[in-house]
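Coordinates in review
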Amino acid sequence: MQTPFAASPLLAHVAGLSRTELEKLQLTKLRRQLDRLYAQSPYYRERMDSAGLKPDSITSLQIFKERFPTSTKADFLADQLAHPPFGARLGIPREQVALVNMTGGTSGQGQEIYGRSQRDIHMQGYLHALPWFLAGLRPGHMAINCVPAGGMTTGGWGPGEGLRIIGATGFHVGGSLSTDAKIDLMLKLGGVNFIYASTNYLHTLTDALLRRDLKPREAFPHMKALFIAAEGYPIEWAQKIEEHWGCHLAEGYGSTQCAGFAGSTCDQGVVTKDGRRGLIHLFEWETLFEIVDPETMEPTPSGEVGEMVVTNLSVEGSPVVRFRTGDAARFVAHGDTGSGWGWNAIECGTIGRFDDMMKIRGNNVWPSAIDAAVFAHADVADYAGRVYTTEDGKTEIEVRLALADQAAMTFSPEQRQSLFQSVRTAIKERNNIWVTLIEVERAELPEFAYKARRWKDERQAGYRL
Amino acid sequence: MSEPKTGDDAILANMLREVETLCRSEDALLCGQYAHLRDRIRALIELRECFQVKPK
């Protein structure tokens, strides 16, 4: 199969732009966006006025990054409350809203609402088709979408549009079929070329196949790529997945705010040839990225973790401008990616949330870091964790862990003890906390169709006087 | 021979001719999108066929 760059002159052209040329394109698109928003969005006009800015004053990306006020989820929720339902930030006449998307609401703060135009629906499809094309999806391919379709989310609508406009045949099995029923369907189809799933669900699907004594690479020999999003994972897990399926594993970074994916691995996948984590290359001609220290808002140096701040360059309905995502990623500057392209990148498999971080016994602990420690052990099927306060006021961390079928059936008590010790040590090494491990049956742990929520913080419930 | 198309029908027929050219693109990322556009136009042409039957 041709590389995506050989198969698409458009992509080859973008890959050939120098950083200076790419930034020139960004500035042109940004100024067009700000001109339009100043005229059509009272929310953004007010933000520009409050900073003493007019669209004409944004003569460089530097001025934009230094002076344009950022927005947060709380700002958008307040705007929606004052100007229901879409807020004054909508930026297009309400009658031109052709698709309504909302954020998932998992933060507990409330759901942002986005009104997308007909043009945006195509763009949203493109921002799904583009990363999948880079991963190896081509017109005519047969694709399985394991993310629940429809509803109110961008993830419910973007994939369908993406597969449709690229000319692939999409089976939207997420949320409507059990895992076993999905496998039965895939086996009947015979020629599946592509799977899109959350990290967690790809794990569930692979585990279910293996439990049925099916080798994915033999059952689906035409698979070109597996594409995951939404959650971190250990590199050992990614290598195992590629081994089981006989194809590469690709990853994208996306969100409702980005109207789809804003970056993805290219034809390399999530693991480099020499066994290191791959890179998610950012589609900076569609979405302007800043990666900053969340305290100081200073740009993060290459190689360090920072918060992603995004601006839509190609969305007209409910666009975000300098939106603080709260997503934490390791930044890799374009010159350090080794790609030769002008695109900046972030590291695969390690995207977390600044607001998911738990402060435990003085340590900053991210669920994604514990996932990485636990799932580095192939004999572990899944886990659930909770932090709680004991009756005498101490903070304890409990991890309930289920073994993979083969290990659960065959492991001796000594092997179990050895595995548990290894998991505890790995968690300690990566997070500086000791946890209590309890083995449970797989069925006792919750299953997640999309983003896994493995952690519960019950400390406040234990704060009793 | 059918009557020459006028108005909306002429515009759509012209768009279809133009987009057929785009569909011959060798860019694999774009050809599906062009085909998507072409088939939306084809649908609009087809749903307007009712106008071809003139009421007596």
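Turning to the side chain of B:His36, a few remarks are in order. Of note, B:His36 is situated in helix H2 (residues 28-47). B:His36 sits in the buried class, given a relative accessible area of 15%. The contact partners of B:His36, leaving out residues within four places of it in the chain, are A:His122, A:Glu161, A:Arg164 and A:Ile165.

With that settled, the discussion passes to the pattern of salt bridges. All names here are of chain A. If you walk through the whole model with that rule in mind, you get 29 salt bridges over all chains. Between Arg-164 and Glu-161 there is a salt bridge, with its nearest N and O atoms 2.5 Å apart. Of this pair, Arg-164 and Glu-161 both sit in helix H8 (residues 154-166), 3 residues apart, which is roughly one turn of that helix. In this structure, Glu-290 and Arg-322 form a salt bridge, with 2.7 Å as the shortest nitrogen-oxygen distance. Taken as a pair, Glu-290 in strand S10 (residues 287-292) and Arg-322 in the loop between strand S11 (305-312) and strand S12 (323-332) lie far apart in primary sequence, 32 residues in all. Where salt bridges share partners, they join Asp-207, Arg-211, Asp-405 and Arg-442 into one cluster.

Residues and elements named next belong to chain A. Across all of its chains, the model carries 21 aromatic pairs over all chains by this definition. Ring geometry for Phe-227 versus Phe-261: centroids 5.3 Å apart, planes at 70°, classification edge-to-face. Here Phe-227, found in strand S6 (residues 225-229), pairs with Phe-261, found in strand S8 (residues 260-264); they are 34 residues apart in sequence, far enough to count as distant. By the burial criterion, Phe-227 is buried, and Phe-261 matches it. On the basis of an interplanar angle of 55° and a centroid distance of 4.8 Å, the ring pair of Trp-285 and Trp-343 is categorised as tilted. Highlighted residues: Trp-285 in the loop between strand S9 (279-282) and S10 and Trp-343 in the loop between S12 and strand S13 (345-347), separated in sequence by 58 residues. Comparing Trp-285 with Trp-343, the two get one shared label, buried. Following the ring pairs from residue to residue traces out a cluster consisting of Phe-5, Phe-283, Trp-285, Trp-341 and Trp-343. The lysine or arginine in question, Arg-89, covers the ring of Phe-76, its NZ or CZ lying 4.1 Å from the ring centre.

Turning next to a negative patch on the surface. A cluster of acidic residues, A:Glu66, A:Asp293, A:Glu295 and A:Glu298, forms a negative patch at the surface. Relative to the helices and strands, A:Glu298 resides in the loop between S10 and S11.

Right, let's talk about helix H3 (residues 19-40) of chain A for a bit. Residue and element names in this part refer to chain A. Here H3 spans 31 Å end to end across 22 residues, near enough to the 32 Å set by a 1.5 Å rise per residue. Looking at H3, one finds that the buried residues are Arg-19, Leu-22, Gln-26, Leu-27, Lys-29, Leu-30, Gln-33, Leu-34, Arg-36, Leu-37 and Tyr-38. Buried positions along H3 lie against helix H4 (42-50), helix H5 (61-67), S10 and S11.

Within chain B, residue pLDDT values average 91, and 96% of them lie at 70 or more. For this predicted complex, the interface score ipTM comes out at 0.87, alongside a pTM of 0.83.

Okay, the interface of chain A and chain B next. With 16 residues of chain A in contact, the opposing surface of chain B contributes 9 residues. Viewed at the interface, chain B and chain A are joined by 0 salt bridges. For the interface between chain A and chain B, the tally reads 5 residue pairs in polar contact (both at pLDDT 80 or more). Only helix H2 (9-15), helix H7 (118-135) and H8 of chain A provide two or more residues apiece to the side of chain A that touches chain B.

The rules behind these values
Residues numbered from 1 in each chain as written. Chains lettered and ligands numbered in written order. Predicted model: local features only at pLDDT ≥ 70, side-chain atom pairs only at ≥ 80, totals over all residues. Heavy atoms only, no water. Helix = DSSP H or I, 4+ residues; strand = E, 2+ residues; numbered from the N terminus. Buried < 20%, exposed > 50% of the residue type's maximum accessible area, 1.4 Å probe, protein only. Contact = heavy atoms within 4.5 Å. Salt bridge = Lys/Arg side-chain N within 4 Å of Asp/Glu carboxyl O. Phe/Tyr/Trp six-rings, centres within 6.5 Å; stacked < 30°, edge-to-face > 60°. Lys NZ or Arg CZ within 6 Å of the ring centre and 35° of its normal. Patch = residues over 30% accessible without salt bridge, like charges linked within 9 Å, V, L, I, M, F, W, Y side chains within 5 Å. Areas by Shrake-Rupley, 256 points an atom, 1.4 Å probe, with all protein chains shown as cover. Lys, Arg positive; Asp, Glu negative; His and termini not counted. Charge placed at Lys NZ, Arg CZ, Asp CG, Glu CD. Expected span 1.5 Å × (residues − 1). pLDDT = per-residue confidence, 0-100. Polar contact = N/O pair within 3.5 Å; in protein donor to acceptor, adjacent residues only side chain to side chain.

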